[in-house]
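# Descriptive structure summary
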Amino acid sequence: MLRAIGDGSIGEFLQQNPSAKRFVEAPKPSPASFAGQEFWGVNAFVLVGGGGERTAVRYRVVPVAGAGGTLGEGELEGKKETYLFDELEARFAGSSSSSSKMSFNLRAQIAEAGDVTDDATVLWPEERKVVELGLIELDSMLGEEESAEMQKRVIFDPIPRVEGVEASEDPLLEMRAGVYLVSGRGRRAA
Ligand code: HEM
């Protein structure tokens, strides 16, 4: 339930929070496929080198084959709500050819001194350096039973908790980790 803020209207909330307004008003076209989507992380992380040097980054996951298209109003008509997941299933079904894979480049946009690293709503200038970190290839989906078990058991933690990769000072990260733990434990217990 939405809690009342000021006169309680969403309009007032958006007037007082321009970054939320910008997000709400930005166009959100429906993609043709997950495989053609770019996924840009908004929370910053800090990579720590062997000598202790610290570099703030934001991850980007970008399709190797280039960005795919989006669907217009007409093209969406008649599609099932699950069309993106159905397309994945068809893509991976029983084939080992390279076109049945989804391949993404894992990249990192690198902050420069003075860039805001503790606020996910503040973009870094587009001219910031972006470096290649690796390749992500997805080529299959879990079977129905295994998938149901994983969905019940897996709890996503936005903080990696591995040596060399630290959460930035962005307060969203700790908060998200806490919320997801509560949610995930509830799901496990259900
Ligand atoms: C930068 C902002 C955020 C990003 C990028 C983000 C992204 C995500 C992702 C990727 C997942 C996992 C989905 C999956 O397992 O398939 C998730 C789960 C979830 N998110 Fe967020 N999220 C954000 C902020 C928030 C906030 C502010 C809240 C609530 C206060 C929230 C509540 C949840 C909950 C309850 C789940 C489900 C956790 C579970 O049951 O495992 N998220 N989010």
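Residues numbered from 1 in each chain as written. Predicted model: local features only at pLDDT ≥ 70, side-chain atom pairs only at ≥ 80, totals over all residues. Heavy atoms only, no water.

### Details of the overall build of the chain
Short version of the rule: Counting from the N terminus, the helices are DSSP H or I runs at least four residues long and the strands are E runs at least two residues long. Think of it in three bands: residues with accessible area under 20% of the maximum for their type are buried, residues over 50% are exposed, and the middle band is partly exposed, with areas taken using a 1.4 Å probe on protein chains only. Residues are treated as being in contact if the distance between any of their heavy atoms lies within 4.5 Å. Computed with a 1.4 Å probe, the accessible areas rest on the Shrake-Rupley method; for each residue, only the protein chains presented here act as cover. The positive count covers Lys and Arg only, the negative count covers Asp and Glu only, and His and the chain ends enter neither. Where a charge sits is defined by one atom per residue type, namely NZ (Lys), CZ (Arg), CG (Asp) or CD (Glu).
Scanning the chain from N- to C-terminus turns up 6 helices and 8 strands. Helices (α) and strands (β) of the chain occur, in sequence order from the N terminus, as α-α-β-β-β-β-β-α-α-β-β-α-β-α. For the chain, the spread of C-alpha atoms along the three principal axes comes to 55 × 50 × 40 Å. Here the chain, with 190 residues, has 22% of them falling under the buried criterion. Across the chain, every contact between residues at least 6 apart in sequence was considered, and the portion connecting residues at least 24 apart equals 66%. As displayed, the chain offers around 13,200 Å² of accessible surface, 56% of which is attributable to carbon and sulfur atoms. In the chain, 21 side chains carry a positive charge and 31 a negative one; their mean positions are 2 Å apart.

### A closer look at the site of the ligand
Applied cut-off: We call a residue near a molecule or strand when any one of its heavy atoms sits within 4 Å of it. Under this definition, polar contacts are N or O atom pairs within 3.5 Å; protein pairs additionally need one hydrogen-donor-capable and one acceptor-capable atom, and for neighbouring residues in sequence, both atoms have to be side-chain atoms.
Around the ligand, the structure places V42, N43, F156, L172, M175, R176, V179, Y180, S183, G184 and R187. In this structure, R176 approaches the ligand through a side-chain N or O atom, which is 3.3 Å from a nitrogen atom. In the model, an oxygen atom of the ligand is placed 2.4 Å from a nitrogen or oxygen of the S183 side chain.

### A short note on the coordination of the iron atom of the ligand
Going by this rule: Ligating atoms shown are N, O and S within 2.8 Å of the metal, or 3.2 Å for Na, K and Ca, and water is not included, meaning a site may look less than complete.
The protein gives the iron atom of the ligand a lone donor atom, Y180 (OH), placed 1.9 Å from the metal. Inspection of the secondary structure puts Y180 in helix α6 (residues 171–189).

### Notes on the pairing of strand β4 (residues 54–63)
Keep this limit in mind: Whether two strands pair comes down to DSSP finding at least two bridges between them.
The element β4 is extensively covered by neighbouring structure, given that 7 of its 10 residues are classed as buried. When strand β2 (residues 39–40) meets β4, the two strands line up antiparallel, connected through 2 bridges. Bridged to F39 within β4 is V61. Hairpin connection, strand β3 (residues 45–48) to β4: the antiparallel pair is bridged by 5 residues, and G52 has positive phi, about 90°. Bridge count between β4 and strand β6 (residues 102–110): 7 bridges; the pairing is antiparallel. Paired with V57 across the strands is I110, a residue of β6.

### What to know about the pattern of salt bridges
So the rule is basically this: By definition, a salt bridge exists where a carboxyl oxygen of Asp or Glu is found within 4 Å of a side-chain nitrogen of Lys or Arg.
Inspection of every chain in the model, using the stated rule, returns 11 salt bridges. Among the ionic pairs, E166 bridges to R54, the shortest N-O distance being 3.0 Å. Here E166 is found in strand β8 (residues 165–167), whereas its partner R54 is found in strand β4, with 112 residues between them in sequence. Of the charged contacts, one joins R107 and E132 as a salt bridge, the two residues approaching to 2.6 Å between their closest N and O atoms. Within this pair, whereas R107 is found in strand β6, its partner E132 is found in strand β7 (residues 130–138), the two being separated by 25 residues in sequence.

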